[in-house]
Each structure stands twice: as C-alpha cells, then as structure tokens.
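Architecture at a glance
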Amino acid sequence: MVSIKAGRRRVVTGVVSTLTAGLALGAFALSGTADGATDAEAAAGGPRVKPTVVLEHGAFADGSSWNGVIADLRADGYPVVAAANPLRGPASDAAALRTVLDHIKGPKILVGHSYGGTVISEAAGGDPDVKALVYVAAFLPAPGETTLELTGKFPGSTLPGALDPVTYRQADGSTATDLYIQQDKFRHQFAADVPAGQAALMAAEQRPIAQAALEEKATAAAWRTKPSWDIVTTEDLNIPAAVQRFMAERAHAHTTEVAASHSVAVSHPHLVADVIERAARATVR
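How each quantity is defined
- Residues numbered from 1 in each chain as written.
- Predicted model: local features only at pLDDT ≥ 70, side-chain atom pairs only at ≥ 80, totals over all residues.
- Heavy atoms only, no water.
- Phe/Tyr/Trp six-rings, centres within 6.5 Å; stacked < 30°, edge-to-face > 60°.
- Helix = DSSP H or I, 4+ residues; strand = E, 2+ residues; numbered from the N terminus.
- Buried < 20%, exposed > 50% of the residue type's maximum accessible area, 1.4 Å probe, protein only.
- Core = buried A, V, L, I, M, F, W, Y, C linked by side-chain atoms within 4.5 Å.
- Contact = heavy atoms within 4.5 Å.
- Salt bridge = Lys/Arg side-chain N within 4 Å of Asp/Glu carboxyl O.

Topic: the packing of aromatic side chains
Throughout the structure, instances matching the rule amount to three aromatic pairs. Summarising the aromatic geometry, the rings of Phe60 and Phe190 are spaced 6.2 Å apart at their centres and angled 85° between planes, so their arrangement reads as edge-to-face. Residue Phe60 is located in the loop between β4 (52–56) and α2 (67–75), and its partner Phe190 is located in helix α6 (residues 183–190); the two are separated by 130 residues in the primary sequence. For Phe60, a relative accessible area of 4% corresponds to the buried category.

Written out as structure tokens, the structure is:
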C-alpha cells in the first residue's frame, strides 16, 4: 500500500499501515498547549490539547537523530523533549527517563527508537500522564526478556559482525565493555538509506551502549496497559523485521511498515512524525 499525505511537507511511500539536538522552547515548564480548532474540534467543544512528545534515542545514536522529527512536530505545535539516554541498562536508564517525565506537566506521548523502546517500556508504567507509546524500529520486551535475546529471536541481524567492543576498567577494579559500530560499517549496518555524508557524521557521533545493557532482563512492559503504535522497518539489519512484527503483534500495536533502515527517524522523519501525531490525536483530547 502507498500512503501519500497531501500538504506542505509530507509524502510517505512504501507504507503498509494498520495504523538532540533540540527541544521545544519551555517544554519542561509547559503543560500541553492547544492550536486553533478545526471545524470538527470546534463541534466537539474546542481545540485539542497538544501533549508533550518525549523522544528516547537508542544505542549508537544521540538526540540529534530526532532532528527532522522534532522540526515537524514543532511546526505542528507540539512541545518536544529529546531526552539523553545513558545507555547503561534498562533499569537505570528508565530511572533517568522518569526524572524527565516527572518534570513535564500535562499529557505526554513517549517515543522510543531501538533500545529506547526497552527503556520507555520500563519507564512509562507508573505515569498516568503518558497517554501513548510509539515504538520506532524498537524493542518491546516482556518482563524477563533481554534486548540481546530478542535481537536473535529470528535470523537476519548482522549487527554482531559490525560491532567494535571496547573493554575498560571501572573504578572498583572490575571490567566492563562498551559497544560501538565500526565506523566503516556504520552506514551499511545502521543507516543505509541516509546520505553518505550524514551517515559519516552519525558514525563519528555515535554513543556506545554498555554490553551489560543488552543482557539485562526487562522488569516491566508498559505496552501491556497503554495504547501503542509501532513503526516496523523492513530493511533493518539491526532488528530483523520478523522480530519487530512479533513484538508489535504481541503488543496489539497500531503498526506501520516502511522499507527503511534502522535509522528511519533520520531517513523518514515525516513518516515518524505522522505516526506520533496519530497517537496523540487518538489518545489526547
């Protein structure tokens, strides 16, 4: 199916739908805001509240991976915060994300890319202001599952052969390992549909994930209790499409498929923003 959204900036192709760099000015201090009402909204009693969209990046990325998505969301009146993910482990990373969520007033839409999906699943359960979860080429683990386990649930991931592990000694004398993607393999592995120059910058700027984070078991699954949307990337070499579909179906998520690499938020920012806005319109009044 091909979905084309008319308008000033969005053309989306190859989509099957059953569905930082920056942060919005004053987003931490604001509750949701409202823009002008459409006729339908006016008939329903007024304009919609615009929830704050909180974006959680995954491994081998940083907040700048959301730049194009942030630009679209802000243009449509959404407050946005791109949280910094420490990439140390689901429990501690979720605790860090909760400090951000607790500081934002009003309704929120929580979005996670890749390992960021594991983190939002841990972080969102106790926050009634998180109205929806949006997973972008992401993990949706159940309690007891690990990110590493899910990666290999079905064949297709070529990530292990592209990794560049760095082992170091910690303050207590023990050793730990951080994982990078080899820079000369980064574009093919992570961002094949991103322009070469941009992918080279992403490779240089990548943030490592602790190997232990991929082996730590999830303890919560907010997708069991909150409405979820999921973007499945069919050309993904990190998380095979079969794995993504398995998790999306298990979560009863509203699913959109796109022929994109793992870096879909960079290569298809308009699509990602559209799905986030669908989730917001469906869950925040």
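Having seen the model, we can carry on.
Some details on the nonpolar core
If you look at the biggest cluster of nonpolar residues, it comprises 48 residues, and the most contacted ones within it are Phe60, Leu97, Leu110, Leu133, Phe186, Ile209 and Trp223. Look past the residues within four positions of Phe186 in its chain and what remains in contact with it is Phe60, Ile181, Ala191, Ala199, Met202, Ala203 and Gln206. In terms of nonpolar packing, the next biggest core, distinct from the first, is built from 29 residues, Ala82, Ala132, Trp229 and Val258 among them.

Some words on the pattern of salt bridges
With the rule as written, the count across this model stands at five salt bridges. The shortest N-O distance in the salt bridge between Glu145 and Arg250 comes to 2.9 Å. With Glu145 in the loop between β7 (130–136) and α5 (147–151) and Arg250 in helix α9 (residues 241–250), this residue pair connects regions lying 105 residues apart in the sequence. Here Arg245 ties to Glu257 by a salt bridge, and the two come within 2.6 Å at their closest N and O atoms. Residue Arg245 is located in helix α9, and its partner Glu257 is located in strand β12 (residues 254–258); the two are separated by 12 residues in the primary sequence. A relative accessible area of 32% places Arg245 in the partly exposed class.

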